[in-house]
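# Residue-level structural notes
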Amino acid sequence: MAQGSDVLIIGAGIIGSAIAYFAAKQGLGVTVLDSAGPASGTSSRCEGNILLSDKELGPELELSQYSLGVWKNDLAEFAQLWEFEAKGGLVVASKESSRASLDRLTTAQRSNGVTAEILDRSQLVDAEPHISPEALSAAYYPQDSQVQPMLAASWLLRLACDAGARFVPNARVTALHQEHGRITGVRSTAGFFAAGSVVNATGTWASNIAGMAEVAVPVNPRKGFVMVTEPLPPKIFHKVYAAEYVDNVGSSDAGLQSSPVVEGTPAGSILIGSSRERVGFDGSVNLEALKAMANNAINLFPFLRDVKILRHYHGFRPYCPDHLPVIGHDERAPGLWHAAGHEGAGIGLSVGTGKLLAQALAGMDTDMDLSPFAPHRFSNQPLVSKES
Amino acid sequence: MSQKIHVAVIGAGPAGLAAAANALAHGAQVTCIDANDQPGGQYWRHRLEQPGRQPGVQPDSTGHHDWKTYLSLRAAFDAGIAAGTLAYLPNTQVWMAQQREDERITLQLTSATAAGTQAPASTLTADRLVVATGAYDRQIPIPGWDLPGVMTAGAVQALIKGQGVLAGQRIVLAGTGPFLLPVASNVAHAGGSVLAICESADLSGWLKNLKAPLAVPAKGIEGAEYIWDLLRHRIPYKRSTVITAIHGAEKVEAVSIARTDKTGAVIAGSEERIENVDCVGLGFGFTTQLELLTAFGVATHMDVDGSLVADVDEFQLTSGANVLAAGEVTGIGGAALAVAEGTVAGYRAALGSGQAPQQSEVAKELKTISRHRAFARAMHQAHQVPDYWSGNLEEDTVVCRCEEVTAGEIIQARDELKAVDARSIKSTTRAGMGWCQGRVCGYAASCLATCGDKHEAFAQSVANTYKRPVSIPVPLGEIADLEDSPKE
Ligand SMILES: Cc1cc2nc3c(=O)[nH]c(=O)nc-3n(C[C@H](O)[C@H](O)[C@H](O)COP(=O)(O)OP(=O)(O)OC[C@H]3O[C@@H](n4cnc5c(N)ncnc54)[C@H](O)[C@@H]3O)c2cc1C
Ligand SMILES: Cc1cc2nc3c(=O)[nH]c(=O)nc-3n(C[C@H](O)[C@H](O)[C@H](O)COP(=O)(O)OP(=O)(O)OC[C@H]3O[C@@H](n4cnc5c(N)ncnc54)[C@H](O)[C@@H]3O)c2cc1C
């Protein structure tokens, strides 16, 4: 039988790449498989926000803070490879009611260690001179940051390979291999790979891999559009979004929701994101979504009305019904681990997830309690023992 | 009497004009949308018409072949406008096309002129759609190609035809394909000197396949006229010759050219310099303007010349319900083929849903199409896009001009980050993310990413570069103001 690796990671998105990097750094023998190339899934159809501002209190905020620390400290020397920038976020209230909820939110966030201050209208205009005259006030989050996600995913994988990991592109996993009730390898379009542990980092497609072990990991697609403008001289200096966005993030409504996150990029184009709707993997263009995003963005920055859109794209966020990712060993399928379902925050959460999972894979204590993300929270359905 | 079929035609070049004219002849209600300010497309681009004067009077028709065909199509077109059966929307671009659930088509329109950015967005719904959006010159990066004075051969041509302007006095044309000939001929007629035509092919390809050109005598006569022009104006036509570098401080001053061997590789020591050049026209064949079709997800294939083209049936119907394609979008083949395809498409588009198309209705055009397609295949085989350029790039040669991404950066992304197709090159380097959305660099980026492999991976990479859901940049305000339920 083929000599296996300690860890076999399925998926070379940002999550798989981050795990590969930290696991290889731990000295584990790592192999990464992807059905295509690096960052060919959602990690190249998203934006690169690393936000604390939009997180509700609880395990996700905690993981976000941990992950931000990893971006800033553990990976400090590579920051320029993926254009890490702590540009700060502004959550703008244009209604009295959202102003009040922002006050409540920031108070709570501050008590949990998030830096947040309220800007009045004139401070807001200093920060964003082109903001709409309707804007009343804003919450300012200096910690909110960004990376260029495709570069981050590709470089993390490259750095993992430098540390000894092996990457096999064009290897779609078709079955999990079991021995004595334990997952010990995978079959793929590039052959069989044996491994001590198999990590399912397939994002929006994670339930397929889980299904191969006959366990339920209910990750589903939540579609989002992003519009990209022509390049302009800098006119937007932070990540700016409407207070209503914070409500949408935690929503389970299947219908179309859209609040703008408007941001400038180093190349000069402005990204306008992003809608959220649950329509399966339907790739068709939803003009209603684009229209709503356009209106929202113009409401924040009226000058955008005459700015041209060069393109738009969409991706499918991997989401779980309780809006928490699935991270850890699956007791129902010994040998199988998951790191998927990071929804609209997978870029930000990736390196924290990678570092924690690598610790767990190496049998160490993890820096943070992973139990809120445990895979078996969804069902106690045991693994039906069957050779696959 | 049943209601008229509403046919929308995008493009008023040879294919679009013919489609509109024949759909009118078969009783349809037609809307023709075109980005230009007057009908004609690339081939029949002409000086701004004077109000009240018949088009085609000198100098409009100079430098044009088949001007008679234009005038007759134009007469049918103008008659449709007068009769109210044709709505002609010049200066208008389609930025998005979609299929509705009932299989009708909706088009989102925007103004094609900068001044028109204030125009309200509008939506058009039609029963059938003919996409006749043509093609643009394929570009390949050459050291120095981003200097002022370097342009596409098509642009040199368009300036002469559209404005009567010569792009330079001392012009070098380089690339491949018969299209370099009419450009040279027009430059010479307009009083410029063509210092050289550098044709990368050795032209032996034509001899291997003589049947196809002989079946299209009109092309032979046209070719003979150009050759006569070359002789008369003493224009050096250099076969197996490629342009290796363009020199200049502020703008083009000189070019380096070299001869190639049978494999297409540059022969060491064969380099020479042409001095005192003020304009370079580059044309390596054409690339189809296909994004409105790919937006429907219609079946496509890679043509012999490396362009992605729409699959069509005998009557120009694509795999998408009610979506037809005609002209260069089904394969680069010239204006006569475009007219024949447009005529067939116009006929097919006007048919009621119960009616079966009859070959006898368009028998002549079907014959023309088959002969001209054979000719086009022979032409593409004889004028393959050369490969020498990738070995000739310098580290700092710009490949993506919109985002100023160099060859060195692209090769680094390929080798270090395993960016193995144009899409991942774009994500990691920004090549193809700018104003032109990869129209110019998509081919070159695909070649570099797949290391010159011309097979499946290359085809897939090129196909991905055609995905442009917004086919034309559109102001955000127009998206914000979209109508909720499109009117008919
Ligand atoms: C519009 C939009 C905007 C977003 N904005 C942000 C943002 O600003 N900040 C943020 O943090 N997050 C954002 N996200 C979310 C983020 O993109 C995702 O959470 C993240 O990319 C998920 O990464 P992943 O590695 O889990 O999945 P992916 O990147 O999808 O990687 C999964 C990989 O698995 C591979 N795969 C699947 N099945 C198999 C198989 N059977 N065999 C082998 N390989 C397989 C795929 O090819 C793919 O490469 C956004 C998402 C969208 C859609
Ligand atoms: C710059 C240039 C110059 C050329 N000159 C010659 C020549 O001199 N001799 C020769 O033999 N061949 C020439 N060709 C080749 C020529 O394109 C074809 O042989 C012929 O014109 C093809 O006809 P067509 O109808 O398919 O496309 P075209 O003539 O290209 O017509 C397409 C039309 O569609 C319009 N259009 C495209 N997209 C949209 C959109 N989204 N919305 C609205 N309208 C749109 C364009 O503005 C254009 O008017 C030239 C090509 C180019 C690119």
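Please read all numbers here as calculations on a predicted model, not as lab measurements.

The next point concerns the overall build of chain B. Of the regular secondary structure elements, chain B holds 16 helices and 23 strands. In terms of C-alpha radius of gyration, chain B reaches 22 Å, essentially the compact-globule figure of 23 Å for 488 residues. Across its three principal directions, the C-alpha atoms of chain B cover 75 × 55 × 45 Å. Per-residue burial for chain B yields a buried fraction of 57% across its 488 residues. In chain B, the share of contacts with a sequence separation of at least 24, taken over all contacts with a separation of at least 6, comes to 65%. Total accessible area computed for chain B in this model is approximately 19900 Å², and 53% of it derives from carbon and sulfur atoms. Across chain B, the 40 positively charged side chains and the 51 negatively charged ones have centroids separated by 6 Å.

Moving on to the confidence of the model for chain B. A low pLDDT means the predicted coordinates there should not be read in detail. Counting all residues, the mean pLDDT for chain B is 91, and 94% of those residues have values of 70 or more. For this predicted complex, the interface confidence score (ipTM) comes to 0.90, while the overall pTM stands at 0.91.

Turning to the site of ligand 1, a few remarks are in order. Residues and elements named next belong to chain A. Residues in contact with ligand 1 amount to 37 residues; listed here are only the nearest, Asp-34, Ser-43, Asn-49, Glu-343 and Gly-348. Separating an oxygen atom of ligand 1 from a side-chain N or O atom of Ser-43 is a distance of 2.5 Å. Contact between ligand 1 and Gly-348: an oxygen atom at 2.8 Å from a main-chain N or O atom of the residue. Here ligand 1, which alone exposes 1000 Å², has 95% of that area covered by the protein. Secondary structure elements with two or more residues in the shell around ligand 1: α1 (14-25), β12 (220-229), β16 (308-319) and α9 (346-361).

What follows covers the environment of Lys208(B). In this structure, Lys208(B) sits in helix α5 (residues 204-208). In this structure the C-alpha to C-alpha distance between Lys208(B) and Gln381(B), which are 173 residues apart in sequence, comes to 9.5 Å.

This brings us to the interface of chain B and chain A. How big an interface is tends to be reported as the loss of accessible area on association of its parts. Counting from both sides, the interface comprises 33 residues of chain B and, opposite them, 33 residues of chain A. Of the roughly 3000 Å² buried at the junction of chain B and chain A (both faces included), carbon and sulfur atoms supply 61%. Together, Leu417(B), Arg423(B) and Leu476(B) form the three largest contributors to the area buried by chain B at its contact with chain A, with a combined 21%. On inspection of chain B and its partner chain A, the count reaches two salt bridges. For Arg158(A), the salt bridge identified is with Glu416(B), shortest N-O distance 3.0 Å. Of all the elements in the fold, those that place two or more residues in the side of chain B that touches chain A are β4 (92-99), α12 (407-417), α13 (422-429), β23 (474-475) and α16 (476-480) of chain B.

Here we take up the confidence of the model for chain A. The pLDDT averaged across chain A works out to 91; a share of 93% of its residues lies at or above 70. The low-confidence segment residues 381-388 of chain A (pLDDT under 50) makes 23 contacts with residues lying over four places distant or belonging to another chain.

This paragraph deals with a nonpolar patch on the surface. All names here are of chain B. A cluster of nonpolar side chains, contributed by Leu-207, Leu-210 and Leu-214, occupies part of the molecular surface with about 340 Å² of accessible area. Among the structural elements, Leu-210 can be located in the loop between α5 and α6 (211-214). Looking at Leu-210, the relative accessible area reads 41%, which means it is partly exposed.

A separate point is the sheet that holds strand β6 (residues 122-126) of chain B. All names here are of chain B. Reading across from one edge, β4-β5-β6 is the order of the three strands in this open sheet, with antiparallel pairing throughout. If you trace the sheet from one side to the other, it starts and ends with β4 and β6, each paired once. Going from strand to strand, the sheet's axes swing by 25° on average, the running direction of each strand aside. Where β4 meets strand β5 (residues 105-111), seven bridges bridge the pair, whose relative direction is antiparallel. Looking across to β5, one finds that Gln-98 is bridged to Thr-106.

Below, the discussion takes up the site of ligand 2. Residue and element names in this part refer to chain B. In the vicinity of ligand 2 there are 33 residues, among which Ala-15, Asp-34, Gln-42, Gln-157 and Lys-161 approach most closely. Side-chain polar atom of Asn-36 to an oxygen atom of ligand 2: 3.2 Å apart, as the coordinates give it. Note that an oxygen atom of ligand 2 is positioned 2.9 Å from one of the backbone N or O atoms of Gln-42. Listing elements by their share of the shell around ligand 2, those giving two or more residues are α1 (14-25), β4, β8 (135-137), α3 (153-163) and α9 (335-350). A per-class count over the shell around ligand 2 returns 16 nonpolar, 13 polar and four charged. For the shell around ligand 2, the two domains that each supply at least three residues are domain 1 (6-136 + 287-357) and domain 2 (139-284).

Take empty space enclosed by the protein next. Empty space among the atoms becomes apparent when a probe as large as a water molecule is rolled across them. Scanning the model with the defined rule gives three cavities of 30 Å³ or more in all. Quantified by volume, the largest cavity comes out at close to 100 Å³. The wall of the largest cavity is formed by 14 residues, among which Thr287(B), Arg439(B), Gly442(B), Tyr443(B) and Tyr466(B) lie closest to the centre. Residue assignment for the lining of the largest cavity shows that the elements contributing at least two residues are α14 (442-449) and α15 (456-465) of chain B. Its residues assigned to classes, the lining of the largest cavity shows five nonpolar, six polar and three charged. Lining of the second largest cavity is provided by Asn49(A), Ile50(A), Leu51(A), Lys55(A), Ser64(A), Ala345(A), Gly348(A) and Leu349(A). Mapped onto the lining of the second largest cavity, the elements with two or more residues apiece are β3 (49-50) and α9 of chain A.

So, on to the domain arrangement of chain B. Residue and element names in this part refer to chain B. Partitioning chain B into domains gives domain 1 (6-136 + 287-357), domain 2 (139-284) and domain 3 (393-464). Each partner contributes to the interface: domain 1 provides 11 residues, whereas domain 2 provides 11 residues. In total, about 760 Å² of surface goes out of reach between domain 1 and domain 2, with carbon and sulfur atoms giving 45% of it. For the pair domain 1 and domain 2, the interface holds two residue pairs in polar contact (both at pLDDT 80 or more).

To continue, consider the packing of helix α4 (residues 180-189) of chain B against helix α7 (residues 217-232) of chain B. All names here are of chain B. In contact at an axis separation of 9 Å, α4 and α7 are set at 45° when each is read in the N-to-C sense. When the interaxial angle is binned, α4 and α7 end up oblique. As α4 runs across α7, the sense of the crossing is left-handed. Taken together, the residues of α7 that come into contact with α4 (itself represented by Leu-181, Pro-182, Ala-184, Ser-185 and His-189) are Tyr-226, Asp-229, Leu-230 and Arg-232. Within the contact of α4 with α7, the residues separate by chemical class into five nonpolar, two polar and two charged.

Residue and element names in this part refer to chain B. Evaluated as defined, the whole model comprises 15 aromatic pairs over all chains. Ring geometry for Trp-206 and Phe-375: centres 5.5 Å apart, planes at 40°, overall tilted. Placement of the pair is Trp-206 in helix α5 and Phe-375 in helix α10 (residues 363-382), with a sequence separation of 169 residues. Under the relative-accessibility criterion, Trp-206 is labelled buried at 18%. In this structure, Arg-138 is placed above the aromatic ring of Tyr-443, and the distance from its NZ or CZ to the ring centre is 4.8 Å. The ring centre of Trp-145 lies 4.8 Å from the NZ or CZ of Arg-401, which sits over that ring.

Cut-offs applied
Residues numbered from 1 in each chain as written. Chains lettered and ligands numbered in written order. Predicted model: local features only at pLDDT ≥ 70, side-chain atom pairs only at ≥ 80, totals over all residues. Heavy atoms only, no water. Helix = DSSP H or I, 4+ residues; strand = E, 2+ residues; numbered from the N terminus. Rg over C-alpha atoms; globule rule 2.2 N^0.38 Å. Buried < 20%, exposed > 50% of the residue type's maximum accessible area, 1.4 Å probe, protein only. Contact = heavy atoms within 4.5 Å. Areas by Shrake-Rupley, 256 points an atom, 1.4 Å probe, with all protein chains shown as cover. Lys, Arg positive; Asp, Glu negative; His and termini not counted. Charge placed at Lys NZ, Arg CZ, Asp CG, Glu CD. pLDDT = per-residue confidence, 0-100. Near = heavy atom within 4 Å. Polar contact = N/O pair within 3.5 Å; in protein donor to acceptor, adjacent residues only side chain to side chain. Buried area = accessible area lost by both parts, 1.4 Å probe. Salt bridge = Lys/Arg side-chain N within 4 Å of Asp/Glu carboxyl O. Patch = residues over 30% accessible without salt bridge, like charges linked within 9 Å, V, L, I, M, F, W, Y side chains within 5 Å. Pairing = 2+ DSSP bridges. Axes fitted to C-alpha atoms, helices over the stretch in contact; angles between N-to-C directions. Nonpolar A, V, L, I, M, F, W, Y, C, P; charged D, E, K, R; others polar. Domains from an automatic or database assignment. 1 Å grid on protein atoms, 1.4 Å probe; cavity = no way out; pocket = protein on both sides within 12 Å on 5 of 7 lines; lining within 4 Å. Points joined across faces, edges and corners; volume = space filled by probe spheres on them. Parallel < 35°, antiparallel > 145°, perpendicular 65-115°, else oblique. Left-handed = near helix turned anticlockwise from the far one by under 90°. Phe/Tyr/Trp six-rings, centres within 6.5 Å; stacked < 30°, edge-to-face > 60°. Lys NZ or Arg CZ within 6 Å of the ring centre and 35° of its normal.

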